[in-house]
Amino acid sequence: MFNAATYTATERLRDGRACEIRALKPNDEADLLTAVGRIGAQSLYRRFMGAKSGFSDKERAFFLNVDFVNHVALVAVVKEGEHAAIVAGGRYIVEKAGTAEVAFAVVDDYQGQGIGAVLLRHLAALAREAGLKEFTAEVLPDNTPMLKVFERSGLKFSSKHSADGIHAVLQL
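Here goes a summary of the coordinates provided. (Residues numbered from 1 in each chain as written. Predicted model: local features only at pLDDT ≥ 70, side-chain atom pairs only at ≥ 80, totals over all residues. Heavy atoms only, no water.)

### Some points on the nonpolar core
Across soluble globular proteins, you tend to see nonpolar side chains buried next to one another. Counting residues in hydrophobic clusters, the biggest one holds 53 residues, and the most contacted among them are Tyr-92, Phe-135 and Phe-150. Residue contributions to this core peak at eight residues, all from helix H4 (residues 115-129). Beyond its immediate sequence surroundings of up to four residues, Phe-150 is in contact with Val-102, Phe-104, Leu-120, Ala-137, Val-139, Phe-157, Ala-168 and Leu-170. (Core = buried A, V, L, I, M, F, W, Y, C linked by side-chain atoms within 4.5 Å. Buried < 20%, exposed > 50% of the residue type's maximum accessible area, 1.4 Å probe, protein only. Helix = DSSP H or I, 4+ residues; strand = E, 2+ residues; numbered from the N terminus. Contact = heavy atoms within 4.5 Å.)

Structure follows, in structure tokens:
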């Protein structure tokens, strides 16, 4: 039995570095905003499906005030020198019974290290424990890295193209 609010696990990145996957904490605001500041414009565009240069107070509150029931958020933390830095985040938000929307953001310097796949695997485990049956995601057609994470996840993956992008469904 997992407790999503106190969840923690250690993983290895593709380059061998240790990475802690843990629940987002209320006092992570400064580190989370620093991480977002390290994400390039294209990556932010892909994550938020539009240009994004900052967050309103309401958006910050939404991203930080996680109840770990209907809104679960995990971060990936690595050592950078003597400092622990948030380098990625993933979350799911329950849309309806059994289904949650999932989304990720990874600092550009850490893309290609398998962090998105690791976050997906841990979020899926927490979601299964909570009784969820599927994840959905809205993905821009040019966000090939995210689509590959879904395709290679080991979860049953399906997608539908629309004018706005790709609606992805992962069976848990």
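Additional details are given in the paragraphs that follow.
### Topic: the pattern of salt bridges
Evaluated as defined, the whole model comprises five salt bridges. When the shortest N-O distance is used, the salt bridge between Arg-121 and Glu-11 registers 2.6 Å. Taken as a pair, Arg-121 in helix H4 and Glu-11 in strand E1 (residues 8-12) lie far apart in primary sequence, 110 residues in all. Since its relative accessible area comes to 46%, Arg-121 is described here as partly exposed. As a salt-bridge pair, Glu-29 and Arg-60 come within 3.3 Å of each other at their nearest N and O atoms. With Glu-29 in helix H1 (residues 29-37) and Arg-60 in helix H3 (residues 57-64), this pair connects stretches of sequence that are 31 residues apart. For Glu-29, a relative accessible area of 33% corresponds to the partly exposed category. (Salt bridge = Lys/Arg side-chain N within 4 Å of Asp/Glu carboxyl O.)

### Describing the packing of aromatic side chains
Within the structure shown, the criterion is met by four aromatic pairs. Taken together, a centroid distance of 5.4 Å and an interplanar angle of 70° make the contact between Phe-62 and Phe-63 edge-to-face. Relative to Phe-157, the ring of Phe-150 lies with its centre 6.1 Å away and its plane at 35°, an arrangement referred to as tilted. Judged by relative accessible area, Phe-150 falls into the buried class, the value being 1%. You can call Phe-157 partly exposed: its relative accessible area is 24%. The structure contains a cluster of three or more aromatic residues connected by ring pairs, namely Phe-104, Phe-150 and Phe-157. (Phe/Tyr/Trp six-rings, centres within 6.5 Å; stacked < 30°, edge-to-face > 60°.)

### Concerning H4
Given 3.6 residues to a turn, an α-helix orients residues that are three or four positions apart in the same direction. Here H4 is 15 residues long and its end C-alpha atoms lie 21 Å apart, about the 21 Å a rise of 1.5 Å per residue gives. Counting buried residues in H4 gives 11 out of 15 residues, a clear majority hidden from the surface. Listed as buried for H4 are Ile-115, Gly-116, Val-118, Leu-119, Leu-120, His-122, Leu-123, Ala-124, Ala-125, Leu-126 and Ala-127. Gly-131 lies just past H4 and shows a positive phi near 90°. (Expected span 1.5 Å × (residues − 1).)

### Regarding empty space enclosed by the protein
One pass over the structure, following the stated rule, counts one cavity of 30 Å³ or more. In this model, the largest cavity occupies a volume close to 310 Å³. In this structure, the largest cavity is lined by 27 residues; those nearest its centre are Leu-32, Val-36, Phe-63, Arg-91 and Ala-105. When residues of the lining of the largest cavity are assigned to their parent elements, the largest contribution, six residues, is made by strand E4 (residues 83-96). Split into classes, the residues belonging to the lining of the largest cavity amount to 21 nonpolar, two polar and four charged. (1 Å grid on protein atoms, 1.4 Å probe; cavity = no way out; pocket = protein on both sides within 12 Å on 5 of 7 lines; lining within 4 Å. Points joined across faces, edges and corners; volume = space filled by probe spheres on them. Nonpolar A, V, L, I, M, F, W, Y, C, P; charged D, E, K, R; others polar.)

### With respect to the environment of Ala-76
Tracing the chain through its elements places Ala-76 in strand E3 (residues 71-80). Under the relative-accessibility criterion, Ala-76 is labelled buried at 0%. Taking the C-alpha atoms as reference points, Ala-76 and Leu-123, 47 residues apart in sequence, are found 12 Å from one another.

### Let's talk about unusual backbone geometry
Here Phe-68, not a glycine, exhibits a phi torsion of approximately 60°, which is positive. Mapping Phe-68 onto the fold places it in the loop between H3 and E3.

These figures capture arrangement, not role.
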